[in-house]
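Fold and geometry: a report
Given next are the chains, with one letter for each unit.
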Amino acid sequence: MSDLPRKAVTRTAKLAALPLGIAGRATLGLGKRIGGRPADVVAAELQQRTADQLFKVLGELKGGAMKFGQALSVFEAALPEEVASPYRAALTKLQEAAPPMPAASVHAALAERIGPDWRELFSSFEDKPAAAASIGQVHRAVWHDGREVAVKVQYPGAGEALLSDLTQLGRVARLIGPLIPGLDVKPLIAELRNRITEELDYALEAESQQVHAEEFADDPEIRVPAVVHHADQVLVTEWLEGIPLSEIIASGTQEQRDRAGQLLARFLFAGPARTGLLHADPHPGNFRLVVDDGPAEGWQLGVLDFGTVDRLPEGLPVPIGTALRLALAGDAAGVLEMLRQEGFVKPTIDLDPDAVLDYVLPIIEPAAVPEFRFTRSWMRAQAARVGDPRSPAYALGRQLNLPPSYLLIHRVTLSTIGVLCQLDATAPFRDELLDWLPGFAGDPDID
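Notes on the structure follow. Please read these numbers as outputs of a predicted model, since none were measured by experiment.

**Some thoughts on the sheet that holds strand β10 (residues 287-290)**
Ordered in space as β5-β11-β10-β8, the 4 strands form an open sheet in which the pairing is mixed. In the strand order of this sheet, the two ends are held by β5 (222-223) and β8 (243-244), each with one partner. Sheet topology note: the β10/strand β11 (residues 300-303) ladder contains 4 bridges and is antiparallel. Note that in β11 the partner of L289 across the bridge is L301.

**Notes on the packing of aromatic side chains**
Evaluated as defined, the whole model comprises 11 aromatic pairs. Between F374 and W378, the aromatic rings sit 6.2 Å apart at their centres with planes inclined by 90°, giving edge-to-face as the arrangement. The residues F374 and W378 share a single accessibility class, namely buried. Chaining the aromatic ring pairs together yields one cluster made of F269, F372, F374, W378 and F429. Over the ring of Y202 we find K152, and its NZ or CZ is 5.2 Å from the ring centre. The cationic tip of R385 hangs over the ring face of Y359; the distance from NZ or CZ to the ring centre is 5.6 Å.

**Some remarks on the side chain of R113**
Considering the arrangement of structural elements, one finds R113 in helix α5 (residues 103-113). Of the side chains bearing the opposite charge, E112 lies closest to the buried R113, which forms no salt bridge; the N-O distance is 5.0 Å. A polar side-chain atom of R113 sits 2.8 Å from a polar atom in the side chain of Q233. Setting aside its immediate chain neighbours within four residues, R113 contacts V153, Q154, P156, A231, D232, Q233 and V234.

Rules behind the numbers
- Residues numbered from 1 in each chain as written.
- Predicted model: local features only at pLDDT ≥ 70, side-chain atom pairs only at ≥ 80, totals over all residues.
- Heavy atoms only, no water.
- Pairing = 2+ DSSP bridges.
- Helix = DSSP H or I, 4+ residues; strand = E, 2+ residues; numbered from the N terminus.
- Phe/Tyr/Trp six-rings, centres within 6.5 Å; stacked < 30°, edge-to-face > 60°.
- Buried < 20%, exposed > 50% of the residue type's maximum accessible area, 1.4 Å probe, protein only.
- Lys NZ or Arg CZ within 6 Å of the ring centre and 35° of its normal.
- Lys, Arg positive; Asp, Glu negative; His and termini not counted.
- Salt bridge = Lys/Arg side-chain N within 4 Å of Asp/Glu carboxyl O.
- Polar contact = N/O pair within 3.5 Å; in protein donor to acceptor, adjacent residues only side chain to side chain.
- Contact = heavy atoms within 4.5 Å.

See the structure below:
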């Protein structure tokens, strides 16, 4: 595909075909099993074909479909290994690449949005895109003052496409949900839909990025490219070199994995504390590890794409840190009371405090030790524990409520942990909590 498909009927037809294709392959698989082929072989083939179809369609459509695919990609670590393998490559493709918009369309968009003399702003401009994302693509260029820049151009019709895709995906959520055990897909799609207007507004994105760029300008560990220029549906920022986290996940050294994991955890908690904003799109394509010839302690994490943020003027909510501290101290009654106060447990629900503590403790294991190794097997164990209908944790989890004010925080935290598990990183997670999470360091027994 060379242009973003905008006709609702075309996009809807592509998405609507997904469940039909999945059902057809399931029927075919049943026939093969009856014919004597081993069930595990047939299942593996079905997973591979389903993954190929699902992510081929998501990638071609871009828009909301690809945005949803990127959101799913960070949960890949939760899949059982025999299921994860066929999905892994397809998911990774969504993080950094998509069929590009033709150069003529890009030129026309820049002329319309910046002005007919747009080329005078650049010493050079590369027509071939350096990266493509869900609602726009990025071109490398040199600004008229000599700075290397990234020029993000929004796809024509992106807003209409986003709404159409996510509406249709909501209708087939029950078929997609089983791909990720323990993840409720419908609220994820609803929340992505609610963020459309904000993500399409490049002026708002420029403001959020510049706040971070100024705050971290002299930071030795976090780098955010400064905003150079913005117009309607065009954003120009300084260029950032570095190794994409998706490459480190695929083939990075353990030293790169650990350093990237440490800095990713730091940014998750330090960002809101220092800027009052939470970067809310933590898929690997939005991060770079800036490596030099020196020791790993000097490497930096580059952060891109501030189209989706959560505004937290006071930083992350104090009750999160307080509840973590109480749980690690074994205060079951205190944890349940805190959850009730914040709306995680509705007044009509009666829960056993010890059962709540048993539910929470395995999830917060990274906060209980000086260093924690985030692995796919740990993530899979957590997903299986809360996603298996036979598990007590599953029954208890269904009685909990996620207040709207915590929805984005919850997704970002869970997504970041998913990336840490993909990295297979060992990180001093608790140190970051002690430094940056309000309420967590309130008990000297944790220090």
